[in-house]
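Here is how the chains run, residue by residue.
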Amino acid sequence: MTIRLLLADDHPVVRAGLRAVLDTEPDFAVVAEAATAERAVELAVELAAAGSVDVVLMDLQFGAGMHGSEATAAITAVPGGPKVLVLTTYDTDADILAAVEAGASGYLLKDAPPEELAAAVRTAAAGQSALAPAVAHRLMDRMRTPAEALTKRELEVLQLVGEGLSNQQISKALFLSQATVKSHLVHIFAKLGVDSRTAAVAAATARRLIRR
């Protein structure tokens, strides 16, 4: 059975490289490409309606506009829609948790060898989870020490702190009260063993919890 693929990445060279690798597999067929997350959602819906797509290879960062995790959530919400395999350069807790919560069937890093990519595509198409070893290791670490792990919301708050937003700006971006933002920061400082926003961002970046 042929596995039909939609490639979603904003870099033409990356899409061309992926197509070249995937075209060497006899049971794969790249049926469409998207340069934006919004277009990926549109194509996934159209192709799903025609029953002509099985797996979307989804990047996370598309510049301005919809994030890959948002597109993943929209695609996985489509009845009978394709599976989504995230293919990205980012391996932070914030990115991984957002993708998994959005319904991604797998999470692979772009430096994965071709055979690992092919195996992950087949695993996702079969409705099973396909995680890069490094990603699986990070998730296992979180499960082993749940009291020390930052929650998805805490990671979202800390990511915005790292981007230079004030508590007021964070409260508006995440639709939280400023008191709730402050409460999250208190918990973040305690879990990271720090006493300032700058130190929290530095510690989280060093541990690959958030991106800078």
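Residues numbered from 1 in each chain as written. Predicted model: local features only at pLDDT ≥ 70, side-chain atom pairs only at ≥ 80, totals over all residues. Heavy atoms only, no water.

A.B. asks: Can you break down the environment of Val13 residue by residue, with the values?
C.D. replies: Among the structural elements, Val13 can be located in helix α1 (residues 12-22). With 113 residues separating them in the primary sequence, Val13 and Ala126 have C-alpha atoms 28 Å apart. (Helix = DSSP H or I, 4+ residues; strand = E, 2+ residues; numbered from the N terminus.)

A.B. asks: Tell me about the pattern of salt bridges, residues and numbers included.
C.D. replies: Opposite charge on two side chains allows them to pair when their charged atoms are near. Scanning the entire structure with this criterion turns up 18 salt bridges. We note a salt bridge from Arg19 to Glu33, for which the minimum N-O separation is 2.8 Å. With Arg19 in helix α1 and Glu33 in strand β2 (residues 28-34), this residue pair connects regions lying 14 residues apart in the sequence. Note on Glu33: relative accessible area 30%, which makes it partly exposed. Residue Arg208 pairs with Asp91 through a salt bridge whose shortest N-O separation is 3.1 Å. Here the residue Arg208 occupies a position in the segment after α10 (197-206), and Asp91 occupies one in the loop between β4 (83-88) and α4 (93-101), the gap between them amounting to 117 residues. If you follow the salt bridges from partner to partner, you end up with Glu101, Lys152, Arg153 and Glu156 in one network. (Salt bridge = Lys/Arg side-chain N within 4 Å of Asp/Glu carboxyl O. Buried < 20%, exposed > 50% of the residue type's maximum accessible area, 1.4 Å probe, protein only.)

A.B. asks: Please provide a residue-by-residue account of the nonpolar core, values included.
C.D. replies: Formed by 27 residues in total, the largest nonpolar core has its most connected members in Leu5, Leu22, Leu57, Leu85, Tyr107, Leu117 and Val121. Once residues within four sequence positions are removed from consideration, Leu117 is found in contact with Leu18, Val21, Leu22, Leu57, Leu85, Leu87 and Leu108. Core analysis: the next-biggest nonpolar cluster, separate from the first, contains 23 residues, Leu174, Ile188, Val194 and Ala203 among them. (Core = buried A, V, L, I, M, F, W, Y, C linked by side-chain atoms within 4.5 Å. Contact = heavy atoms within 4.5 Å.)

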